[in-house]
Amino acid sequence: MALTVDTSREGGWFVLRIVGELDLVSSPEVRRQVHAAVAAGRRDVVLDLGEVVFCDSSGVGVLIAARRLLHSCGGRLRLVLPARGAAEGSHVNRVLAALGVRRLFAVYADTAAATGDGATPLSA
């Protein structure tokens with residue numbers, strides 16, 4: 001499955017909606033998009049990962065690097081990782097939890113929550 005990245009602005013947030021597989025082949029595109037957003041002066045970024053069906057260590061590395069980049073320039077990174085049901089949940093959420101890095105991210109159930117004022121992240 002090919003990766004697609006759609007961008008939009010919601011309030012003061014720059015949203016990257018990622019669909020497909022976030023792996024060794026596709027993760028450089030996400031990295032490029034995040035770097036381009038920061039280079040364009042965008043400091044508040046939401047990565048909507050609700051439609052990511054697979055994420056490997058390369059994808060996790062891109063998420064961690066994006067967090068580090070935005071933190072270094074005084075920005076904020078929020079992830080959208082919706083629970084699709086008690087049994088399955090979000091694939092990326094399960095991967096981040098299994099690796100013990102889920103707590104590093106501010107995670108929201110949907111884009112509206114992630115871009116809202118006074119939004120409270122989901123617990124890890």
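Note that the coordinates shown come from a computational prediction; the quantities given were computed from them, not determined experimentally. (Residues numbered from 1 in each chain as written. Predicted model: local features only at pLDDT ≥ 70, side-chain atom pairs only at ≥ 80, totals over all residues. Heavy atoms only, no water.)

J.: What exactly am I supposed to notice about helix 3 (residues 91-99) here?
T.: Side chains three or four residues apart in an α-helix point the same way, a direct result of the helix having 3.6 residues per turn. Three or more residues of helix 3 are buried, namely His 91, Val 92, Val 95 and Leu 96. Within helix 3, the buried residues cover an arc of 130° as seen down the axis, which keeps them to one side. At its buried positions, helix 3 is contacted by strand 3 (44-55), helix 2 (57-72) and strand 4 (76-80). In the stretch just after helix 3, Gly 100 is the one whose phi turns positive, near 80°. (Buried < 20%, exposed > 50% of the residue type's maximum accessible area, 1.4 Å probe, protein only. Helix = DSSP H or I, 4+ residues; strand = E, 2+ residues; numbered from the N terminus. Arc of directions from axis to C-beta. Contact = heavy atoms within 4.5 Å.)

J.: Looking at this model, I keep getting lost on the environment of Arg 9. Mind explaining?
T.: Inspection of the secondary structure assignment puts Arg 9 in strand 1 (residues 4-10). Taking the C-alpha atoms as reference points, Arg 9 and Gly 116, separated by 107 residues in sequence, lie 12 Å from one another.

J.: Would you take a moment to explain a nonpolar patch on the surface for this structure?
T.: Taken together, the side chains of Met 1, Val 53 and Phe 54 present a nonpolar region at the surface, about 300 Å² in accessible area. You can see Phe 54 is positioned in strand 3. The partly exposed category is assigned to Phe 54, whose relative accessible area is 34%. (Patch = residues over 30% accessible without salt bridge, like charges linked within 9 Å, V, L, I, M, F, W, Y side chains within 5 Å. Areas by Shrake-Rupley, 256 points an atom, 1.4 Å probe, with all protein chains shown as cover. Salt bridge = Lys/Arg side-chain N within 4 Å of Asp/Glu carboxyl O.)

J.: Quick question: what am I supposed to make of the sheet that holds strand 3 here?
T.: Hydrogen bonding along the main chain pairs the strands of a sheet, whether they run parallel or antiparallel. The strand order across the open sheet formed by five strands is 1-2-3-4-5, and the pairing between neighbours is mixed. Both edges of this open sheet fall to strand 1 and strand 5 (106-108), since each of them pairs with a single strand only. Here the strands of the sheet are splayed against their neighbours by 25° on average, with no regard to which way each runs. Here five bridges tie strand 3 to strand 4, and the two strands are oriented parallel to one another. What sits directly across from Val 46, in strand 4, is Arg 78. Across the sheet, helix 1 (residues 27-39) lies against strand 1, strand 2 (13-22) and strand 3, angled at about 175° from strand 2, the strand it touches most. (Pairing = 2+ DSSP bridges. Axes fitted to C-alpha atoms, helices over the stretch in contact; angles between N-to-C directions.)

J.: What is the right way to read the environment of Ser 26 from this model?
T.: Within the secondary structure layout, Ser 26 lies in the loop between strand 2 and helix 1. A C-alpha to C-alpha distance of 10.0 Å links Ser 26 and Cys 55, two positions 29 residues apart in sequence. Once you skip the residues sitting within four places of it in the chain, Ser 26 turns out to touch Leu 3 and Glu 21.

J.: I tried to follow the pairing of strand 2 on my own but got confused; where do I start?
T.: Where a strand is regular, its side chains alternate between the two sheet faces. When you tally the buried positions in strand 2, you get eight out of 10 residues, the bulk of the element. Across seven bridges, the pairing between strand 1 and strand 2 is antiparallel. Within strand 2, the residue paired with Thr 7 across the bridge is Leu 16. Here strand 1 folds back onto strand 2 in antiparallel fashion, the turn holding two residues, of which Gly 11 has a positive phi close to 65°. Across eight bridges, strand 2 lies against strand 3 in parallel orientation. Residue pairing across strands places Leu 16 opposite Leu 47, the latter belonging to strand 3. Following the backbone out of strand 2, through helix 1 and into the adjacent parallel strand 3, one traces a crossover that is right-handed. (Right-handed = clockwise from strand over helix to strand, strands pointing away.)

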